[in-house]
Structure formats: structure tokens, C-alpha cells
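# Examination of the molecular architecture
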Amino acid sequence: MLEVSGICKSFGGFRAVSNVSLSVGTKQIVAVIGPNGAGKSTLFNLITGHLQPDNGTVRLDGREITGAPPYRICRMGVGRSFQRTNVFPRLTVFENLQAAFLVHHRRGGNFWTRAEDLYRDDTAALLASIGLTGQERTLAGTLSYGNQKQLELGLALASSPAVLLLDEPTAGMSASETHETIRLLESIAAERGLTLLFTEHDMEVVFSIAQKIAVLHQGRIIAEGRPEEVRADPEVRRVYLGHGLTHTQ
Ligand code: ADP
Ligand code: MG
């Protein structure tokens, strides 16, 4: 579904992502892990068109999307969430989600139909599937941090992506918010048949839901495989030494 080959990105003379190849199968759940500064967010930005690679290609379902603008990659079926929360704080939860549908369908209001009347059923259904029913009138900026991340997931889902990239979906969450988010992600992925690529620092989360793990270190993939293979890999153990494989940043 998603095929990254030999992708590179330097900032000045610094190689943030160096010759990374990664493939993600249809409906597969894949985690990219690695210490802070390893290049995870940069890799995601290269896949979604937010950064242009110096070298290498990205293919979505066989079609090359390398370097295409983010809106086009989004329309082709790649949704994403950001490491930092990205909602409209002064709109309500309902309005945030409704706006995401309007943008995706390129509809504003017109003389005959007001924008507020469009996609109300879709919005209500999405609200329920992200577990925010009852919060529709809450201003997004006043939601708890965990609920804002849930809303952000909803914004990404409004474009009905085939592939969803999540950059640290549980960053900053309490243990119970993390647990709830993971449960939600698993059920949404299964229900919609989503292909999921995510980065995460909480190893418990990674090992509980990833079917494949790629380990990034200083811009390079140093290990890739099933969770138990990666956990046993000596190079991975060396990189994470002193942190343990349970709580790694
Ligand atoms: P991670 O998400 O794994 O923590 P990042 O992809 O954010 O890592 O960053 C990888 C490296 O690239 C870091 O050393 C970071 O400082 C550097 N970097 C990221 N974005 C930029 C940028 N726009 N300009 C310069 N350096 C950057
Ligand atoms: Mg990051």
C-alpha cells in the first residue's frame, strides 16, 4: 500500500533521514520507533509531501507520489495527524469535524444550501466513532488534551484515508487516555480497513498493536521486523541501552 525507497533528507549538512526504505502492506499496522531526533517526524513529512526529499521515492498503491503537494497526497488517500495538536480552538467539536468534511468535498455554502447544513449526518457519525458524542458543542480549545487528540484523529478521518499516519498519537497523554486512544485506534482501523503507520515513544503501546516495527536511529533504519524480532535485536538493544525497552523517548 505504501512503499518508501531510498529516501533521503538533509538540513544544511545534517542528514536527518538517510536512505530509508520501508514498506507497509494493506491494512497492516506498522510502528516507526527511535530516540528523539532519530528522524521519525521528518520521514512522515517526506511521505505526506510536507517536505521534499533530496532522493528516493514514495509510492502509494503502486503510484508514485514523491514530492507531490500535501493536499494532493491527502486526496489520494493518505491522512495524518501531527505530533503537536492541530485543531481549530475557537470552533466547536462539531464545527471542526464538519469543516473537515466541507474541505474534503470542496464545498462551502451557496445561495441554496448553507454550509452549516451540509454533512451533518457524516459529522455526527464520525463524532460517535471517535468517542466524542456529547461534546459536540464544546469549543475545541477547551477540551482536555486527550480529547483534542481524539478530535484530531477525527479531522484526519474525515477525508476517508486508506492510509493513516499518526505522529506520536499518545504524546502527553495520561495512562488512561493512552489506553483509551489505543483501543479507539484499533477499533477504527479494523472497522475501516485502515493501513496504519505510526510513531510512538510508549513501548507498551508499540508492542501491543504493531504488526511490524521499524527502528530509526540517526536517520537510518537499523532494524525492521515483527515485534519479537525487533525486541531481541542486539543493535536495537544497544541503541536503547540504559532506557530499557519499556519507556523510551
Ligand atoms: P524525531 O521525530 O525522530 O524526534 P525529527 O524528524 O523531528 O526527529 O528530527 C530529526 C533531526 O532533524 C533532528 O536532529 C532535528 O533537529 C532535525 N530537523 C528536523 N527538522 C528540521 C528542520 N526543518 N531544519 C533543520 N533541522 C531539522
Ligand atoms: Mg517527532
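The coordinates are above.
So, here's what we can say about the structure. (Residues numbered from 1 in each chain as written. Chains lettered and ligands numbered in written order. Predicted model: local features only at pLDDT ≥ 70, side-chain atom pairs only at ≥ 80, totals over all residues. Heavy atoms only, no water.)

## A few points about the pattern of salt bridges
Under the criterion given, the structure shown has 6 salt bridges. The partner of Arg 183 in a salt bridge is Glu 180, and the shortest N-O contact between them spans 3.4 Å. Of the two residues, Arg 183 and Glu 180 are both situated in helix α6 (residues 175-192); the distance of 3 residues between them amounts to about one turn of the helix. In this structure, Arg 238 engages Glu 235 in a salt bridge whose closest nitrogen and oxygen atoms are separated by 3.3 Å. You can see Arg 238 and its partner Glu 235 sitting in helix α9 (residues 234-239), 3 residues apart, about one turn around the helix. For Arg 238, a relative accessible area of 51% gives the class exposed. On the accessibility criterion, Glu 235 (31% relative accessible area) is partly exposed. Salt bridges sharing partners connect three or more residues here, namely Arg 226, Glu 228 and Glu 229. (Salt bridge = Lys/Arg side-chain N within 4 Å of Asp/Glu carboxyl O. Helix = DSSP H or I, 4+ residues; strand = E, 2+ residues; numbered from the N terminus. Buried < 20%, exposed > 50% of the residue type's maximum accessible area, 1.4 Å probe, protein only.)

## Observations concerning the site of ligand 1
Neighbouring ligand 1 are Phe 11, Phe 14, Ala 16, Pro 35, Asn 36, Gly 37, Ala 38, Gly 39, Lys 40, Ser 41 and Thr 42. Within the backbone of Gly 39, one N or O atom sits 3.0 Å away from an oxygen atom of ligand 1. Thr 42 has a polar side-chain atom sitting 2.6 Å from an oxygen atom of ligand 1. Residue assignment for the shell around ligand 1 shows that the elements contributing at least two residues are β2 (14-24) and α1 (40-47). With 3 residues, α1 is the largest single contributor of residues to the shell around ligand 1. Broken down by class, the residue content of the shell around ligand 1 amounts to 5 nonpolar, 5 polar and 1 charged. (Near = heavy atom within 4 Å. Polar contact = N/O pair within 3.5 Å; in protein donor to acceptor, adjacent residues only side chain to side chain. Nonpolar A, V, L, I, M, F, W, Y, C, P; charged D, E, K, R; others polar.)

## Remarks on the environment of Gln 28
Following the sequence through the fold, Gln 28 ends up in the loop between β2 and β3 (29-33). Gln 28 sits in the partly exposed class, given a relative accessible area of 21%. On a C-alpha basis, the gap between Gln 28 and Arg 231 in space is 19 Å, while along the polypeptide they are 203 residues apart. Residues contacting Gln 28, with those up to four places away along its chain left out, are Ser 23, Leu 194, Thr 195, Leu 196, Gln 211 and Lys 212. (Contact = heavy atoms within 4.5 Å.)

## Comments concerning the packing of aromatic side chains
If you walk through the whole model with that rule in mind, you get 1 aromatic pair. Geometrically, the ring pair formed by Phe 101 and Tyr 119 is stacked, given 6.1 Å between the ring centres and 20° between the ring planes. Here Phe 101, found in helix α3 (residues 93-104), pairs with Tyr 119, found in the loop between α3 and α4 (120-129); they are 18 residues apart in sequence, far enough to count as distant. The pair formed by Phe 101 and Tyr 119 is uniform in burial state, with each residue classed as buried. Above the face of the Phe 207 ring, Arg 231 is positioned so that its terminal group lies 4.0 Å from the ring centre. (Phe/Tyr/Trp six-rings, centres within 6.5 Å; stacked < 30°, edge-to-face > 60°. Lys NZ or Arg CZ within 6 Å of the ring centre and 35° of its normal.)

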